[in-house]
Amino acid sequence: MITKQKGTMDIYGEESQKRMYVNDILRSICEKYNYSYIETPVFEASELFHRAVGDATDIVSKETYDFVDRGNRNLTLRPEGTAGVCRWYIENKLYGNQTEPVKAYYIGKMYRYDRPQLGRYRELTQFGIELIGSDDVLADLDVISLAYNTYTILGLKDVTININTLGDKESRNNYRKALIEYLIPYKEELCEDCKERIEKNPLRVLDCKIDGEKDILLNAPKTTNYLNETSLNRYNKLKEYLELLDINYKENPRLVRGLDYYDHTVFEITADVPEMGNLALGGGGRYNGLIELLDGPSVPAVGFAMGYDRTVMAMTYTGVNFDTKDGIDIYIMYVSDTEKETAALLAQDLRLNDFITETDYLNKGLKGEFKSADRLKAKYLIIINDQDLENNEVNVKDNLTKEEEKVNINNLVEYLDSHR
Ligand code: AMP
């Protein structure tokens, strides 16, 4: 038997209904904030991620699905969504005569060769937004506000928004130097990866899955002590705005995020989830240098990505009501061939009039059809028989009260509508 790959999921039944529910909410909130839906390819040139996400990140150094295609191209299954959106933005020269920022959202599969466990997959889904073309704090606020409100509307009311700032290039470099000086004496106490990271990418040490909670790192210098005046003012403004919008945040001066491309604002959303503990549900930040790094012009941008699978799990464990549709509206029953033709006709008609309609594809006969209707939790049964058809009528039965009525086919939609 061929089985599914480690770290992948088949999504069906109740799980897929939950996702439809979540998708509807995501789409609706993105519309309100005026983000447009975008799909970018699942595979891209490997170089895109090597440059954008960074060679020194775990994601690129250990977790990408890389392959060479039949044309000898080095390709990678995307591990995240931002790089692809930026590639699209640059390739289509959307910066040309741009007067408004580009605002795009995606929901899609990402691929990371991670060690699979509960809430950690090799094929995962992320929902994300990118706002490209504004350096204003209002743009950071827009993104955090959308993220925060999304979790709330999804029913996760107790999420924590952890925020921090890395400051501009100058502040970040000063911090980087201070962090290297601080870490060097502790080198031997860090994991093998972090030993190497100290010089190459010291900020990443703070984000290490192995060392992250060690005292050495909890006592490391804070980014906020190395901000120049402009960066500090910017950070204070963001906090003011968040307070204005009543968005509860928690400052975490050692939050740096896993990817290479952030500056200024970084944020992460966590929640205490029953049975799962404290869980990172998403994160984002400002990435003013990324588009230039990918050979585009210098264009500021800010974004956010939600761990979709984890969010659905968190909702499930928290007891959120997914409002999943329970049962169908109508089950159509027939026996003879002429009755079957009418069944086909009525099924189409009712479906086009917004009724969830099902019929028998296996010629089960009335007994089997009654059973199916119950299994599918049909609210109404339409029982067709040749005698009634002579009068252009069918039998409509309320499957709860068991009341039956003959209804003229021409009035069927109207009748069912008035009984919704
Ligand atoms: P990142 O792109 O690494 O910042 O991840 C954003 C969010 O995606 C995280 O907060 C997680 O909720 C989720 N996530 C990251 N990696 C995985 C994974 N391997 N499986 C499931 N969800 C993940």
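These figures come from a predicted structure and were not determined experimentally.

### Observations concerning the nonpolar core
(1) Moving on: Formed by 94 residues in total, the largest nonpolar core has its most connected members in Tyr35, Phe127, Ile129, Ile132, Ile269, Leu281 and Phe304.
(2) Moving on: Here this core takes 9 residues from helix 5 (residues 137-153), the largest share from any one element.
(3) Moving on: In terms of nonpolar packing, the next biggest core, distinct from the first, is built from 19 residues, Ala343, Ile382, Val407 and Tyr415 among them.

### Some remarks on a nonpolar patch on the surface
(1) Moving on: A cluster of nonpolar side chains, namely Val335, Leu366 and Phe370, defines an oily patch on the protein surface of about 230 Å² accessible area.
(2) Moving on: Relative to the helices and strands, Phe370 resides in helix 14 (residues 365-375).
(3) Moving on: The class of Phe370 is partly exposed, set by a relative accessible area of 31%.

### Some points on the sheet that holds strand 16 (residues 404-408)
(1) Moving on: Pairing is mixed across the open sheet formed by 5 strands, whose spatial order is 13-12-14-15-16. If you trace the sheet from one side to the other, it starts and ends with strand 13 (357-359) and strand 16, each paired once. The sheet shows a mean angle of 25 degrees between the axes of neighbouring strands, direction not considered.
(2) Moving on: By the bridge criterion, 5 bridges tie strand 15 (residues 393-398) to strand 16 in an arrangement that is antiparallel. Directly across from Val394, in strand 16, lies its bridge partner Val407.
(3) Moving on: Packing against the sheet, helix 14 makes contact with strand 12 (330-333), strand 14 (380-383) and strand 15, and its axis sits at approximately 175 degrees to strand 12.

### Thoughts on helix 12 (residues 308-318)
(1) Moving on: Across the 11 residues that make up helix 12, a large majority, 8, are buried.
(2) Moving on: Turning to helix 12, its buried residues number three or more, namely Tyr308, Asp309, Arg310, Thr311, Val312, Met313, Ala314 and Met315.
(3) Moving on: Looking one or two residues beyond helix 12, the residue adopting positive phi is Gly319, at roughly 85 degrees.

### So, the domain arrangement of the protein chain
(1) Moving on: The domains assigned to the protein chain are domain 1 (14-168 + 228-318) and domain 2 (330-414).
(2) Moving on: Relative placement of domain 1 and domain 2: their C-alpha centres are 48 Å apart.

### Focus: the site of the ligand
(1) Moving on: Within the structure, the ligand sits among 13 residues, and Arg112, Tyr121, Arg257, Ala280 and Gly282 are positioned closest to it.
(2) Moving on: At a separation of 2.8 Å, an oxygen atom of the ligand approaches a polar backbone atom of Ala280.
(3) Moving on: Sorting the residues of the shell around the ligand by element identifies strand 6 (123-132) and strand 10 (277-286) as the ones contributing at least two each.
(4) Moving on: Looking at the shell around the ligand element by element, the count peaks at 3 residues for strand 10.
(5) Moving on: Residues of the shell around the ligand, tallied by class, amount to 4 nonpolar, 4 polar and 5 charged.

### Focus: the packing of helix 5 against helix 10 (residues 229-244)
(1) Moving on: Contact geometry of helix 5 with helix 10 gives a least axis separation of 10 Å together with a crossing angle of 45 degrees. By the angle between their axes, helix 5 is oblique relative to helix 10. In terms of crossing hand, the pair formed by helix 5 and helix 10 is right-handed. Contact residues: helix 5 offers Val137, Leu138, Asp140, Leu141 and Ile144, while helix 10 offers Arg234, Lys237, Leu238, Tyr241 and Leu242.
(2) Moving on: Looking at the contact of helix 5 with helix 10, its residues break down into 7 nonpolar, no polar and 3 charged.

### A few points about the pairing of strand 10
(1) Moving on: The element strand 10 is extensively covered by neighbouring structure, given that 7 of its 10 residues are classed as buried.
(2) Moving on: The sheet contact formed by strand 9 (residues 263-273) and strand 10 spans 9 bridges and is antiparallel. By the bridge assignment for strand 10, Val266 is matched with Gly285.
(3) Moving on: With 5 bridges connecting them, strand 10 and strand 11 (residues 301-307) associate as antiparallel partners. When the sheet's bridge partners are listed, Gly285 is paired in strand 11 with Gly303.

What counts and how
- Residues numbered from 1 in each chain as written.
- Predicted model: local features only at pLDDT ≥ 70, side-chain atom pairs only at ≥ 80, totals over all residues.
- Heavy atoms only, no water.
- Core = buried A, V, L, I, M, F, W, Y, C linked by side-chain atoms within 4.5 Å.
- Buried < 20%, exposed > 50% of the residue type's maximum accessible area, 1.4 Å probe, protein only.
- Helix = DSSP H or I, 4+ residues; strand = E, 2+ residues; numbered from the N terminus.
- Patch = residues over 30% accessible without salt bridge, like charges linked within 9 Å, V, L, I, M, F, W, Y side chains within 5 Å.
- Areas by Shrake-Rupley, 256 points an atom, 1.4 Å probe, with all protein chains shown as cover.
- Salt bridge = Lys/Arg side-chain N within 4 Å of Asp/Glu carboxyl O.
- Pairing = 2+ DSSP bridges.
- Axes fitted to C-alpha atoms, helices over the stretch in contact; angles between N-to-C directions.
- Contact = heavy atoms within 4.5 Å.
- Domains from an automatic or database assignment.
- Near = heavy atom within 4 Å.
- Polar contact = N/O pair within 3.5 Å; in protein donor to acceptor, adjacent residues only side chain to side chain.
- Nonpolar A, V, L, I, M, F, W, Y, C, P; charged D, E, K, R; others polar.
- Parallel < 35°, antiparallel > 145°, perpendicular 65-115°, else oblique.
- Left-handed = near helix turned anticlockwise from the far one by under 90°.

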